[in-house]
Amino acid sequence: MDNSSCPFCYPQLLGNQQVVLENEQARFLQLDEAKQSGIPLEGAGVIVTKAHRVSPFDITEEEWLAIKDILHKAKFIIDENHKPSGYNVGWNSGEVAGQHVNHAHLHLLPRYENEQMAGKGIRYLFKSSLNSRTEKEEGEIRF
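About the cut-offs
- Residues numbered from 1 in each chain as written.
- Predicted model: local features only at pLDDT ≥ 70, side-chain atom pairs only at ≥ 80, totals over all residues.
- Heavy atoms only, no water.
- Helix = DSSP H or I, 4+ residues; strand = E, 2+ residues; numbered from the N terminus.
- Buried < 20%, exposed > 50% of the residue type's maximum accessible area, 1.4 Å probe, protein only.
- Contact = heavy atoms within 4.5 Å.
- Core = buried A, V, L, I, M, F, W, Y, C linked by side-chain atoms within 4.5 Å.
- Expected span 1.5 Å × (residues − 1).
- Arc of directions from axis to C-beta.
- Pairing = 2+ DSSP bridges.
- Patch = residues over 30% accessible without salt bridge, like charges linked within 9 Å, V, L, I, M, F, W, Y side chains within 5 Å.
- Areas by Shrake-Rupley, 256 points an atom, 1.4 Å probe, with all protein chains shown as cover.
- Salt bridge = Lys/Arg side-chain N within 4 Å of Asp/Glu carboxyl O.

Here we look at the overall build of the protein
The secondary structure content of the protein amounts to 2 helices and 5 strands. Along its sequence from the N terminus, the protein presents helices and strands in the succession β-β-β-α-β-β-α. Over its C-alpha atoms, taken along the principal directions, the protein stretches across nearly 55 × 45 × 30 Å. A burial count over the protein gives 31% of its 143 residues as buried. Nonlocal contacts in the protein, meaning residues at least 24 apart in sequence, comprise 51% of its contacts between residues at least 6 apart.

Overview of the nonpolar core
One finds Phe28, Ile47, Ile67 and Ile70 to be the most contacted residues of the largest nonpolar core, which totals 13 residues. Those elements that provide at least two residues to this core are strand S2 (26-31), helix H1 (61-82) and strand S5 (105-111). With 5 residues, the single largest contributor to this core is H1. Counting residues in hydrophobic clusters, the runner-up holds 6 residues, among them Cys6, Cys9, Leu29 and Val48.

Some words on H1
Taking 1.5 Å of rise per residue, the 22 residues of H1 would be expected to cover 32 Å, and the 31 Å separating its terminal C-alpha atoms lies within 8% of that figure. The complete set of buried residues in H1 reads Glu63, Ala66, Ile67, Ile70, Ala74, Ile78 and His82. Looking down the long axis of H1, one finds its buried residues gathered within 100° of arc, a one-sided arrangement. Turned more than 90 degrees away from the buried face of H1, the exposed residues are Glu61, Leu65, Lys68 and Phe76. Positive phi appears at Lys83, one or two residues downstream of H1, with a value of about 55°.

A look at the pairing of S5
Within S5, 5 of the 7 residues are buried, which leaves it mostly tucked inside the rest of the structure. Note that strand S3 (residues 45-49) and S5 share 4 bridges and pair antiparallel. Following the sheet pairing, Gly45 is matched in S5 by Leu108. With 6 bridges joining them, strand S4 (residues 86-91) and S5 adopt antiparallel strand pairing. Residue Trp91 lies in a different strand from S5, and its bridge partner there is Leu106.

Structural notes on a nonpolar patch on the surface
The grouping of Tyr10, Leu13 and Leu14 at the surface amounts to a nonpolar patch, some 250 Å² of accessible area in total. Note that Leu14 resides in the segment before strand S1 (17-22). Its relative accessible area of 33% is what places Leu14 among the partly exposed residues.

Observations regarding the side chain of Glu63
Positionally, Glu63 belongs in helix H1. Residue classification places Glu63 among the buried residues on the basis of a relative accessible area of 1%.

Right, dumping it as structure tokens:
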């Protein structure tokens, strides 16, 4: 698989993507604009493996440990610089789940008491009536 255009394998491909932290297996990336105060994704970033992994289900044991190390260090930096009230941490795996870059990335999303979505967690979107499913078509087999 050619991953030479993957912005998570080669963060220098995006001028505004910065490597904030890294170890031998993983890195924490943060866009320049995420460092601004008061924007919706203030302090947010992603943790990625250095090796190209499409899904979190492809990550090795050694990489999981490296991700855990980076996660704790990134939280410390965000806490010091932005002082959030909480966090959402999660993966989007697959196109239907919202994965738009074909390299597994763990979202680290600081949350703030003064935001409109304060108190709404990851499941809030999925529990919404706007997320209802369409009826199955005749002849479709579901398992």
